[in-house]
Amino acid sequence: MMKSRHCESRPTFSVLPWDTGNAMGPVPAIFLVEDELIVAEDLRLTLESLGYAVAGHEKTGERALEKIPSAPPALILMDIHLAGQLDGIETAIEVRSRWNIPVIFLSAHADKELFDRAKVAEPYGYLIKPYDDRSLQSAIEMALYKHRMEQALQESEKRTSLLINASRDALYLLDANGKLLCANDALAEMTGMTIEQLIGTSAYELVGRKIFTPLMACWQLDPQGRTGIQAVENLHRNWYDVRIYPVYEPSGTVTMYAAGIRDITETKQADDQQLHNAEYFRSLIEDTAEVVAFLNADGTFSRQSASLRHALGYSLNVILDKTLFAYIVITDVQLAKQVFSEVLAHPGQVKPLRMKFEKNDGTVCIIRGILSNLSENPFIKNIVLHGWIE
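Residues numbered from 1 in each chain as written. Predicted model: local features only at pLDDT ≥ 70, side-chain atom pairs only at ≥ 80, totals over all residues. Heavy atoms only, no water.

Draft legend 1. Broad picture of the nonpolar core. Counting residues in each nonpolar core, the largest one holds 29 residues, and the members touching the most others are Tyr172, Leu187, Leu198, Phe212 and Ile244. Breaking this core down by element, the ones donating at least two residues are strand 8 (170–175), strand 9 (180–183), helix 6 (185–191), helix 8 (203–208), strand 10 (229–235), strand 11 (238–248) and strand 12 (254–263). Broken down by element, this core gets its largest block of residues, 4 residues, from strand 12. Non-local contacts of Phe212, meaning those with residues more than four positions away in its chain, are made with Tyr172, Leu187, Met190, Ala203, Leu206, Val207, Ala217, Leu235 and Ile261. (Core = buried A, V, L, I, M, F, W, Y, C linked by side-chain atoms within 4.5 Å. Buried < 20%, exposed > 50% of the residue type's maximum accessible area, 1.4 Å probe, protein only. Helix = DSSP H or I, 4+ residues; strand = E, 2+ residues; numbered from the N terminus. Contact = heavy atoms within 4.5 Å.)

In structure tokens:
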């Protein structure tokens, strides 16, 4: 039978010999804040009989706040009514603010007004005197477990926050009504708002302020069972890759949207410039009267000017089907391969070239010019033959 704790006097009472060395050990260490020594002694004996260590004891909130940092306990048992300027509730608020150590209140009073006031300190338990050993142990174990779970959750949230804020993409979570539930630093920078301002804001409001496009706000979006939606959006002359991932209930209803926005303006401009340059080079090659040919690393043709085809008397498809060396007369093939290999081995290198080419009708023509390695040029990426017919 568990003995009820009425905090009666014990005949063996003595000054408390607190052991502060166990605060960081495997046995949970508990700190007592109690202004009645008889009650404190009773608590100490009870805690030790239950297998806990006692990290220390103070009679006032002020002294407790001074003592606790030297050996932070796993938990604090705090009497609400204390001697000194701070009562237990005020002391517990300070403890939570400074060190986030769980506190269980002890009180002989159970009135609603005191209980409501105690809730402000967010205690992990509230025991009404008298209490028995089992109630005390249950309250302690539940408080320690709850605190461990909260710490694990906080650590998980911290890691998640670090992860999403490490991304340069603007990441956010919307509920089905378009309100922001979560956002990272990149989205805050993009919108010119703080994360605190963003949370709870309607994404439709950001559309109205021309910060979001309707797609970014998932406006009137019908995912139709899709696991992901991707599109490129233009906003204020910038280009964005937008990716949206609907979150479904088992019934198939969308409850949230996880979205990411990546600024691809530089990439888009580079791609457009590359297409422009490719078209320019195509036009230049097709219209030039000089001999121009773009060659792959194996000597095959990537593209060539009409003047080369006309000079040799071949159609486009026939030219593309063979290597450059197939059109050079046999006596010049070895030299042509040597020059080509030297140029191929050194990006940016240029070498003069004068070779005899066999035409489709069996006659020979001479092409003089240069062979350039422009493989590292992002718009060309080939070996270029540029010359003229002698």
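Draft legend 2. Representation of empty space enclosed by the protein. Under the defined criterion, the tally for this structure stands at 1 cavity of 30 Å³ or more. In this structure, the largest cavity spans a volume of roughly 30 Å³. Taken together, Ala92, Arg96, Ile101, Val103, Ala121, Glu122, Pro123 and Tyr124 make up the lining of the largest cavity. Among the residues forming the lining of the largest cavity, the class breakdown is 6 nonpolar, no polar and 2 charged. (1 Å grid on protein atoms, 1.4 Å probe; cavity = no way out; pocket = protein on both sides within 12 Å on 5 of 7 lines; lining within 4 Å. Points joined across faces, edges and corners; volume = space filled by probe spheres on them. Nonpolar A, V, L, I, M, F, W, Y, C, P; charged D, E, K, R; others polar.)

Draft legend 3. Quick peek at the sheet that holds strand 14 (residues 301–304). If you trace the 5 strands from one edge of the open sheet to the other, you get 14-13-17-16-15, paired in antiparallel fashion. Whereas interior strands pair on both sides, the edge strands pair on one side only; in this sheet they are strand 14 and strand 15 (350–358). Recorded for the sheet is a direction-independent mean angle of 25° between the axes of neighbouring strands. Here strand 13 (residues 291–295) runs beside strand 17 (residues 382–389); their pairing, made up of 5 bridges, is antiparallel. Considered in strand 17, the bridge of Leu295 is made with Ile383. Against the sheet, helix 12 (residues 330–344) contacts strand 13, strand 15, strand 16 (364–374) and strand 17, and its axis sits at roughly 150° relative to strand 15. (Pairing = 2+ DSSP bridges. Axes fitted to C-alpha atoms, helices over the stretch in contact; angles between N-to-C directions.)

Draft legend 4. How the structure looks around the packing of aromatic side chains. Here the structure, examined in full by the defined rule, presents 6 aromatic pairs. Where Tyr172 meets Phe212, the ring centres are 5.2 Å apart and the plane angle is 35°; that geometry is what we call tilted. Here the residue Tyr172 occupies a position in strand 8, and Phe212 occupies one in the loop between helix 8 and strand 10, the gap between them amounting to 40 residues. Per residue, the accessibility class of Tyr172 equals that of Phe212, and both read buried. An aromatic cluster is present here, built from Phe105, Phe115 and Tyr126 joined pairwise through their rings. Residue placement shows Lys146 over the ring face of Tyr124; its charged tip is 5.1 Å from the ring centre. Its end group placed over the ring of Phe325, Lys337 keeps NZ or CZ at 5.7 Å from the ring centre. (Phe/Tyr/Trp six-rings, centres within 6.5 Å; stacked < 30°, edge-to-face > 60°. Lys NZ or Arg CZ within 6 Å of the ring centre and 35° of its normal.)

Draft legend 5. Inspection of the side chain of Asp332 at higher detail. Within the fold, Asp332 resides in helix 12. Those residues in contact with Asp332, other than ones at most four positions away along the chain, are Met355 and Lys356.

Draft legend 6. Focus on the environment of Gly299. Counting through the fold element by element, Gly299 comes out in the loop between strand 13 and strand 14. Excluding its chain neighbours within four sequence positions, the residues that come into contact with Gly299 are Thr323, Leu324, Phe325 and Phe340.

Draft legend 7. Fine view of the layout of surface pockets. The space that makes up the largest pocket amounts to roughly 350 Å³. Every residue along the wall of the largest pocket is listed here: Arg168, Asp169, Ala170, Asp185, Ala186, Glu189, Met190, Tyr240, Ile261, Arg262 and Asp263. Those elements that provide at least two residues to the lining of the largest pocket are helix 6 and strand 12. Broken down by class, the residue content of the lining of the largest pocket amounts to 5 nonpolar, no polar and 6 charged.

Draft legend 8. Up close: the pattern of salt bridges. All told, the structure shown has 16 salt bridges when counted by the stated rule. The salt bridge partner of Lys129 is Glu34, with a shortest N-O separation of 3.5 Å. Pair noted here: Lys129 is in the loop between strand 6 (125–128) and strand 7 (131–132) and Glu34 is in the loop between strand 2 (29–33) and helix 1 (37–49), with a separation of 95 residues, a long-range link. The exposure class assigned to Lys129 is buried, which follows from its relative accessible area of 17%. Among the ionic pairs, Arg63 bridges to Glu58, the shortest N-O distance being 3.5 Å. Residue class for Glu58 comes out buried when judged on its relative accessible area of 11%. (Salt bridge = Lys/Arg side-chain N within 4 Å of Asp/Glu carboxyl O.)

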